[in-house]
Amino acid sequence: MADDTQTSAEDVREALANLPDHLRDVLVAVHFRRQPIDEVAELFAVNPETIKSWTYCALRLLREALVARGGIPVVAGSASHPNAPAARGRQKPHAV
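Figured I'd write up the structure that's included with this text. On a predicted model such as this, the values are computed, not experimentally measured, just so you know.

### As for the packing of aromatic side chains
And then number 1: What the rule picks out here adds up to one aromatic pair.
And then number 2: Look at Phe44 and Trp54: their rings are 6.0 Å apart centre to centre, the planes differ by 80°, and that puts the pair in the edge-to-face class. Here Phe44 is found in helix 3 (residues 37-44), whereas its partner Trp54 is found in helix 4 (residues 48-69), with 10 residues between them in sequence.
And then number 3: What makes Phe44 partly exposed here is its relative accessible area of 28%.
And then number 4: A relative accessible area of 21% means that Trp54 is categorised as partly exposed.

### As for the environment of Ile37
And then number 1: Summarising the element assignment, Ile37 is placed in helix 3.
And then number 2: C-alpha of Ile37 to C-alpha of Pro48: the two residues are 11 residues apart in sequence and 6.0 Å apart in space.
And then number 3: With residues up to four places along the chain from it excluded, the contact list for Ile37 reads Val30, Pro48, Ile51 and Lys52.

Conventions we followed
- Per chain, residue numbering runs from 1 following the sequence as it is written.
- Under the rules for a predicted model, residues below a pLDDT of 70 receive no local features and side-chain atom pairs below 80 are neither given nor counted, while totals for whole chains, interfaces and linings still include all residues.
- Calculated side-chain values reflect all of the structure's heavy atoms, with hydrogen atoms and water omitted.
- Aromatic pairing here means that ring centres of Phe, Tyr or Trp (its six-membered ring) are within 6.5 Å. Orientation follows from the plane angle: under 30 degrees is stacked, over 60 is edge-to-face, and everything else is tilted.
- Secondary structure elements follow DSSP: runs of H or I no shorter than four residues count as helices, runs of E no shorter than two count as strands, and numbering proceeds from the N terminus.
- Only protein chains enter the calculation, and the probe is 1.4 Å; a residue is then buried if its accessible area is under 20% of its type maximum, exposed if over 50%, and partly exposed in between.
- Whether two residues touch is decided by their heavy atoms; if any such pair falls within 4.5 Å, the residues are in contact.

Any link to function would need more than the numbers given here.
Below is the structure:
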């Protein structure tokens, strides 16, 4: 099924510009410049897990901004979906 929704480079630039500075900088370093997590963590003087967390948060906020602009569709099960369950934090894996 085709989707008429399109995201322009300008939409992405504007959505990126509206992210908090540290999240934008981490996202650019990790996803656009493809710098290793450990290297980015050193630059920010934080541990690598923090960089992973900030990257996740930045991607979530970027997606929400693009959905709000109509640039990308809302995906069921995503935080942007109206029927998505409330975030419950980190879940423990189920025992087998």
